[in-house]
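Fold and contact review
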Amino acid sequence: MAITAQDIQDAMKRVAEGFRANSDHLTELDQAVGDGDLGITTSKIADALDTYADQDAGDDLGKYLAAGGMAVNRAASSTMGTLLASGLMSAGKAVRGKEMLEPSDLATMLQAAFEGLQTRGKANLGDKTILDALQPSVEALSQAVQTTETLATAGQKLVDAAKIGRDAVTPLRNRVGRASWVGERTEGCVDPGCEAWVIIASSLADVG
């Protein structure tokens, strides 16, 4: 099944909607371990994605996605905004030149996004960051598209893996960023970055 420009634009709109619907929730999580501005950041990202998704995608979806990452970076230059922008730009570069995408391209893009976030954020798995929810999703999606499962099934596995990754590190202590300053008080708290990825994954997969 081919993924078209309209599919990409619709996905951006769903992510924007997911961020808006969960703005207060993300703020509460961030207040427990950081400076409490994640809801504001994701609202800015939502506005940027909504506006950008209305633009003509042209005939190069990779270029379109990469430029979308730059739009996110301009709108929200905070840590999370920069990370998500890096991920989107990396995903776009991985499929540059393609007018339509195949399911296998989605797995390639997600792997590239993970690498982009890891390079930009300089974090490792187990540091209790968005990477800990993203990495299981990468594996789940890669396995799903290799076994020719439907996109709906692959999407559900993507979301399930994200939640498993988030929950696995919840008991741990945050080791990177502002949350690391809070120390042992972050133990048992849901990492806001992990939760943000669960929201993104759920929106991409169109799973409530």
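The rules we used
- Residues numbered from 1 in each chain as written.
- Predicted model: local features only at pLDDT ≥ 70, side-chain atom pairs only at ≥ 80, totals over all residues.
- Heavy atoms only, no water.
- Helix = DSSP H or I, 4+ residues; strand = E, 2+ residues; numbered from the N terminus.
- Rg over C-alpha atoms; globule rule 2.2 N^0.38 Å.
- Buried < 20%, exposed > 50% of the residue type's maximum accessible area, 1.4 Å probe, protein only.
- Contact = heavy atoms within 4.5 Å.
- Core = buried A, V, L, I, M, F, W, Y, C linked by side-chain atoms within 4.5 Å.
- Axes fitted to C-alpha atoms, helices over the stretch in contact; angles between N-to-C directions.
- Parallel < 35°, antiparallel > 145°, perpendicular 65-115°, else oblique.
- Left-handed = near helix turned anticlockwise from the far one by under 90°.
- Nonpolar A, V, L, I, M, F, W, Y, C, P; charged D, E, K, R; others polar.

Next up on the list: the overall build of the protein chain. Across its full length, the protein chain holds 10 helices and zero strands. The order of α-helices and β-strands along the protein chain, N terminus first, is α-α-α-α-α-α-α-α-α-α. Relative to the compact-globule value of 17 Å for 208 residues, the protein chain shows a C-alpha radius of gyration of 16 Å, a close match. Taking the principal axes of the C-alpha coordinates as reference, the protein chain spans close to 50 × 35 × 30 Å. Within the protein chain, buried positions represent 51% of all 208 residues. If you take every contact in the protein chain between residues at least 6 apart in sequence, the share linking residues at least 24 apart comes to 68%.

Moving on: the nonpolar core. Membership of the largest hydrophobic core comes to 55 residues, with the highest contact counts inside it found for I8, M12, F19 and W197. Among the elements of the structure, α1 (5-21), α3 (38-53), α4 (61-75), α5 (79-94), α6 (103-121), α7 (131-146), α8 (151-169) and α10 (192-205) are those that each provide at least two residues to this core. The contact partners of W197, leaving out residues within four places of it in the chain, are L110, I130, A133, L134, S137, L158, A162 and L204.

Moving on, we get to the packing of α7 against α8. α8 packs onto α7 with a crossing angle of 150 degrees between their chain directions and a minimal axis gap of 7 Å. The orientation of α7 with respect to α8, classified from their angle, is roughly antiparallel. At the point where α7 passes α8, the crossing takes the right-handed sense. Every residue of α8 that contacts α7 at D132, A133, P136, S137, A140, L141 and A144 is listed here: A154, K157, L158, A161, A162, G165, R166 and V169. For the contact of α7 with α8, the residue count by class is 10 nonpolar, two polar and three charged.

Residues other than glycine seldom take positive phi values, yet K122 does so here, at roughly 55 degrees. With respect to the helices and strands, K122 occurs in the loop between α6 and α7. Classification of K122 by relative accessible area gives exposed; the value is 70%. Its identity is not glycine, yet K128 carries a phi of approximately 65 degrees, on the positive side. What makes K128 buried here is its relative accessible area of 1%.

In short, the description is geometric, and any link to function would need to be established separately.
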